[in-house]
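A structural walkthrough
Below, each chain spelled out in residue letters.
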Amino acid sequence: MAQHSRSTPPRAFEELVSEHIDSLYRTALRLVGGRSADAEDLLQDTVLRGFEHFSQLRHQDAGRSWLFAILVRTNLNRVRTANRRAEQFGADLSDRAFEEALAAWRSNITPEEFLDRKESAEGLIKLLDGLHPELRAAVVLTDVEGFSQREAARMLEIPEGTLASRIFRARRELRQALNENSSGLRARERT
Amino acid sequence: MTAECGRARRLLWPDNGPRSATPEVIEAQEHVEDCASCAAFFEEMSRLSDDVRRSVGPTVAPFEVRERLFKAISRARTQTGSRFRPTAALVAAGASALILMFILGIRALSGNNNPPAPRGLVPILAEEHARALGESGIRSSDPSEISRWLNGRLSFATHVPVFSEASLRGARVLEVERRRGVLIEYALGKDVVSYFVVADSPAVRTTSVSSLEEAVWDGYHVVSWTEPGLLHAFVGNVSESTLRVLARKCIEQAGTTMAAFSESEPVSSSKPVS
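Residues numbered from 1 in each chain as written. Chains lettered and ligands numbered in written order. Predicted model: local features only at pLDDT ≥ 70, side-chain atom pairs only at ≥ 80, totals over all residues. Heavy atoms only, no water.

1. Quick notes on a negative patch on the surface
All names here are of chain B. Taken together, the side chains of Glu4, Glu27, Glu30, Glu33 and Asp34 define an acidic patch exposed on the protein surface. Element by element, the count of residues in the negative patch is highest for helix 2 (residues 23–34), at four residues. Mapped onto the fold, Glu27 is located in helix 2. A relative accessible area of 48% places Glu27 in the partly exposed class. (Patch = residues over 30% accessible without salt bridge, like charges linked within 9 Å, V, L, I, M, F, W, Y side chains within 5 Å. Areas by Shrake-Rupley, 256 points an atom, 1.4 Å probe, with all protein chains shown as cover. Salt bridge = Lys/Arg side-chain N within 4 Å of Asp/Glu carboxyl O. Lys, Arg positive; Asp, Glu negative; His and termini not counted. Charge placed at Lys NZ, Arg CZ, Asp CG, Glu CD. Helix = DSSP H or I, 4+ residues; strand = E, 2+ residues; numbered from the N terminus. Buried < 20%, exposed > 50% of the residue type's maximum accessible area, 1.4 Å probe, protein only.)

In structure tokens:
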């Protein structure tokens, strides 16, 4: 804290948090699977850790990504400590395995099904919340918060290729679940 | 579907960053131009990304969350003590909160004329000071935006006055002696003027709008008045006459009638404290 530059306003940290609190809360909510009490706890841990290390933020312009990096790392530490679902994640894909998975993708969705998806935003949120935390973090940072994959990879401390493969795996799981939901709906409509 | 498809999809994986035009990237681009399956793949990736973004949508952090976070920061800041060096504006805002507390204390104790016990007051002052510094707020010069922001955060309606001689800088909610209030901040030249509206103490509830009262505390001037249920005060390191002008304009804008108020009326003054 003592390393703050002389030009740093004294309430700069509060202002930084205040500026991004809505998107931080949104991301926290998704990272913990939609449980608001857990999101609040995560957010409090995040801002206290941020406050403690605010002096390490050398460029105020990078404040948003710095806060989000703390948020996702704090969450992943909590997840790893709790060892939740660690057995389901497995190893990240190698370049070769990633290419094979990409090549295996079959685009078989119709425009009507896409329309159905748009109408089921709540359903998609539930599917998103059901993803493994490592995959969910990758998707939320890039697709929801709009960070570049380079920024998100840096936040998660993983190579960009690994981040890309996680995003792909997340989308693959989402699509599979969406297709299953659509099939179920159609089957119910027929009966 | 070939291995070439997988390679092209990995090399051209959608991102918003720059991509070097290496020979293999150019080759992959040429492949995608001729491959309907790859084109469909990239289109579906884009749609899935849009679907996720749309499904989550904008979210507003509840007030309780904001309050909890900023109080946590405030506590942490109190613990770190002198690591932060407040600017003059911050000192003014913090001191303003203390002055308002002083006014509230005087009002609560009116009738017995006993000053607050210093030893008991100091920790409260320190706590409230730190809380005031850490409260969440909005930076804006737009009174409508500030009004919207305040809506729902306070249990009473608040008018955001506009002055030709002072520019609006922002507002924050605060808690003074367990009473929710708002501090609206103005820049008047190089000085900062704070306009407080705080729920009045039930013990000293007034039934009509009072006259203006003036006080001085630690070099800061205060002009305050009450209406049923609310205490208003302008605080700043500017002259009392300036604050009185602002207060009068504020009252006029709010449409409040002050039967007892006139320029010629003697102003009742709180006991100055240095």
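There's more to say after this.
2. Brief notes about the packing of aromatic side chains
All names here are of chain A. Evaluated as defined, the whole model comprises 15 aromatic pairs over all chains. Relative to Phe147, the ring of Phe68 lies with its centre 5.1 Å away and its plane at 65 degrees, an arrangement referred to as edge-to-face. Pair noted here: Phe68 is in helix 3 (residues 63–82) and Phe147 is in the loop between helix 8 (133–144) and helix 9 (149–156), with a separation of 79 residues, a long-range link. For the pair Phe68 and Phe147, a shared accessibility class is recorded, and that class is buried. (Phe/Tyr/Trp six-rings, centres within 6.5 Å; stacked < 30°, edge-to-face > 60°.)

3. A closer look at the pairing of strand 6 (residues 220–227) of chain B
Residues and elements named next belong to chain B. By the criterion of burial, strand 6 is predominantly enclosed, with six of the eight residues buried. Alignment of strand 6 against strand 7 (residues 230–236), held across seven bridges, turns out to be antiparallel. The residue of strand 7 that forms the bridge with Thr226 is Leu231. Counted between consecutive antiparallel strands, the loop separating strand 6 from strand 7 contains two residues, among which Gly229 sits at a positive phi close to 90 degrees. (Pairing = 2+ DSSP bridges.)

4. Concerning helix 1 (residues 3–11) of chain B
Those residues of helix 1 of chain B lying buried are Cys5, Gly6, Ala8, Arg9 and Leu11 of chain B. Buried residues in helix 1 of chain B make contact with helix 5 (95–104) of chain A together with helix 2 and helix 3 (36–56) of chain B. (Contact = heavy atoms within 4.5 Å.)

5. Some words on unusual backbone geometry
Residues and elements named next belong to chain A. Non-glycine residue Glu157 carries a positive phi angle of around 60 degrees. Here Glu157 shows up in the loop between helix 9 and helix 10 (160–190). A residue is classified by how much of its surface remains accessible, and Glu157, at 59% relative accessible area, is exposed.

6. Some details on the confidence of the model for chain A
Any segment with low pLDDT has predicted coordinates that should not be analysed in fine detail. Taken over all residues, the pLDDT of chain A has a mean of 81, while the share at 70 or more is 77%. Per-residue pLDDT stays below 50 along residues 1–7 of chain A; that stretch engages in 11 contacts with residues further than four places along the chain or on separate chains. (pLDDT = per-residue confidence, 0-100.)

7. Some remarks on the nonpolar core
In globular proteins that are soluble, nonpolar side chains generally tend to be buried together. In terms of nonpolar packing, the biggest core is built from 77 residues, with Phe13 and Phe168 of chain A together with Trp13 of chain B touching the most fellow members. Per element, the largest residue contribution to this core is 10 residues, and it comes from helix 1 (residues 12–31) of chain A. When residues of this core are assigned to domains, at least three fall in each of domain 1 (10–82) and domain 2 (95–190) of chain A. In this structure, Phe13 of chain A is in contact with Val47, Gly50, Phe51, Phe54, Trp66 and Leu67 of chain A together with Ile73 of chain B, ignoring residues within four places of it in sequence. (Core = buried A, V, L, I, M, F, W, Y, C linked by side-chain atoms within 4.5 Å. Domains from an automatic or database assignment.)

8. Points about the packing of helix 1 of chain A against helix 8 of chain A
Residues and elements named next belong to chain A. At a closest axis distance of 10 Å, the pairing of helix 1 and helix 8 adopts a crossing angle of 150 degrees. Classified by the angle their axes make, helix 1 and helix 8 are roughly antiparallel. By crossing handedness, the relation of helix 1 to helix 8 is classed as right-handed. Where helix 1 abuts helix 8, its residues Arg26, Thr27, Arg30 and Leu31 lie against Arg136, Ala137, Val140 and Val144. (Axes fitted to C-alpha atoms, helices over the stretch in contact; angles between N-to-C directions. Parallel < 35°, antiparallel > 145°, perpendicular 65-115°, else oblique. Left-handed = near helix turned anticlockwise from the far one by under 90°.)

9. Observations concerning the side chain of Ser23 of chain A
Looking at the element boundaries, Ser23 of chain A is found in helix 1. A relative accessible area of 12% means that Ser23 of chain A is categorised as buried.

10. Side note on the environment of Pro62 of chain B
Topologically, Pro62 of chain B is positioned in the loop between helix 3 and helix 4 (63–80). Sequence separation of Pro62 of chain B and Arg153 of chain B is 91 residues, and the distance between their C-alpha atoms is 9.9 Å.

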